[in-house]
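Secondary and tertiary structure notes
Listed below, chain by chain, are the residues.
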Amino acid sequence: MITKRIIPCLDVKDGRVVKGVNFQKLGDVASPVELAKYYSENGADELVFYDITASAEGRALFTDILTETARTVFIPLTVGGGINTTADFDRVLKCGADKVSVNSGAIRDPSLVGKAAKLYGDQCVVLSVDVKRVDGVFRIFAKGGRENTGMEAIEWVRRCVGEGAGEVVVNSMDTDGVKQGFDLELLEKVCDVVKVPVIASGGAGCIGDFITLFKALPGVDAGLAASIFHFGEVAINDLKREMQKNGIPARL
């Protein structure tokens, strides 16, 4: 049985890891290099590194911090933020990333996913979507959750996976940082339309939220979180032991 992955997320702004609630009120957490090293040594299956203001500020991702981070970890590293061209994919992969996450860049140029998949393989292309309910409809947001594109989320995910995205990170803006559990309704809709790995993001507040996620939606491949790991509320190995006790496969 394939193990479920636990993935800490490093949201990086001005060279520091930050965390907010509903994508707002960002507070300083730690050095991304030090935090990545800690997670690599303490049970994380993978890491996600987002330069969360690169797209909104119209600049390239911080490659110096990324390169240093990549050198310190020995688990897969997915990197996103300011990815707008295949040249951006190339640059980030050369800095040590294993996979590249694209969000706003794919919205601006829907052909980017397909072009990157042909060049680097589906396994390197991760579609990240920031989704929020607007008048009862799941909508795609761009530029770090700042801009409502008006696009319906589920059809957008289906389209990008059809173009070659090999994995989908589903970030629920409604549950982000609230710590009341993952957005099961949204995740179920995504799992129903794609066959690639789906990573749940936004809402984890305790170990029980991960248990609920994987039991309710066996099609979800991984749980991603930030606050509860960054602030020591949940230790990843403790979480994985509880998962195993509940019949959910996890790598210890």
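Calculation rules
Residues numbered from 1 in each chain as written. Predicted model: local features only at pLDDT ≥ 70, side-chain atom pairs only at ≥ 80, totals over all residues. Heavy atoms only, no water. Helix = DSSP H or I, 4+ residues; strand = E, 2+ residues; numbered from the N terminus. Rg over C-alpha atoms; globule rule 2.2 N^0.38 Å. Buried < 20%, exposed > 50% of the residue type's maximum accessible area, 1.4 Å probe, protein only. Contact = heavy atoms within 4.5 Å. Lys, Arg positive; Asp, Glu negative; His and termini not counted. Charge placed at Lys NZ, Arg CZ, Asp CG, Glu CD. Pairing = 2+ DSSP bridges. Right-handed = clockwise from strand over helix to strand, strands pointing away. Core = buried A, V, L, I, M, F, W, Y, C linked by side-chain atoms within 4.5 Å. Phe/Tyr/Trp six-rings, centres within 6.5 Å; stacked < 30°, edge-to-face > 60°.

An unreviewed UniProt entry annotates the protein chain as Cyclase of Aristaeella lactis.

Moving on, we get to the overall build of the protein chain. Summing up its helical and strand segments, the protein chain has 11 helices and 12 strands in all. Taking 2.2 N^0.38 as the reference for a compact globule, 252 residues should give roughly 18 Å; the C-alpha atoms of the protein chain span a radius of gyration of 16 Å, in line with that estimate. Along the first, second and third principal axes, the C-alpha set of the protein chain runs to 45 × 40 × 35 Å. Sorting the 252 residues of the protein chain into buried and exposed places 57% on the buried side. When contacts within the protein chain are restricted to residue pairs at least 6 apart in sequence, long-range pairs at least 24 apart make up 66% of them. Where the 30 positive side-chain charges of the protein chain centre and where its 34 negative ones centre are 1 Å apart.

Our focus in this paragraph is helix H9 (residues 207-216). Those residues of H9 lying buried are Asp209, Phe210, Ile211, Leu213 and Phe214. On its buried face, H9 sits against strand E1 (5-13), helix H8 (184-193), strand E11 (198-201), strand E12 (222-225), helix H10 (227-230) and helix H11 (236-245).

Once that is clear, we can look at the pairing of strand E10 (residues 167-172). Along E10, six of the six residues are buried, which leaves the element largely enclosed by surrounding structure. Judged by which residues are buried, E10 turns out to be covered on both faces: Glu167, Val169 and Asn171 on one side and Val168, Val170 and Ser172 on the other are all buried. Of the strand pairs in this sheet, strand E7 (residues 125-134) and E10 are connected by six bridges, and their pairing is parallel. For Val129, the partnering residue across the bridge sits in E10 and is Val170. For the crossover that starts at E10, traverses H8 and ends in the parallel E11, the hand is right-handed.

Moving on, we come to the nonpolar core. Soluble globular proteins tend to bury their nonpolar side chains together. The biggest cluster of nonpolar side chains holds 71 residues, and the ones touching the most others in it are Val129, Leu187, Phe210 and Phe229. The element best represented in this core is helix H7 (residues 153-163), accounting for six residues. Once residues within four sequence positions are removed from consideration, Phe210 is found in contact with Ile6, Phe182, Ala204, Gly223, Ala225, Ile228, Phe229 and Leu239. Residues Ile7, Val126, Val169 and Leu224 belong to the second largest nonpolar core, which totals 11 residues.

Attention shifts here to the environment of Val48. With respect to the helices and strands, Val48 occurs in strand E4 (residues 47-51). What makes Val48 buried here is its relative accessible area of 2%. Measuring from C-alpha to C-alpha, the distance between Val48 and Asp221 comes to 15 Å, with 173 residues separating the pair along the chain. Setting aside its immediate chain neighbours within four residues, Val48 contacts Ile7, Pro8, Cys9, Leu10, Thr78 and Leu224.

This paragraph deals with the packing of aromatic side chains. Throughout the structure, instances matching the rule amount to five aromatic pairs. Centre to centre, the rings of Tyr39 and Phe229 are 6.5 Å apart; their planes meet at 70°, and the pair counts as edge-to-face. Highlighted residues: Tyr39 in helix H1 (residues 32-41) and Phe229 in helix H10, separated in sequence by 190 residues. Here the two residues Tyr39 and Phe229 agree in accessibility, since each one is buried. Seen from their ring centres, Phe182 and Phe210 are 5.3 Å apart, and the 75° between their planes marks the pair as edge-to-face. Placement of the pair is Phe182 in the loop between E10 and H8 and Phe210 in helix H9, with a sequence separation of 28 residues. Taking the relative accessible area as the measure of exposure, Phe182 reaches 8% and is therefore buried. Residue class for Phe210 comes out buried when judged on its relative accessible area of 0%.

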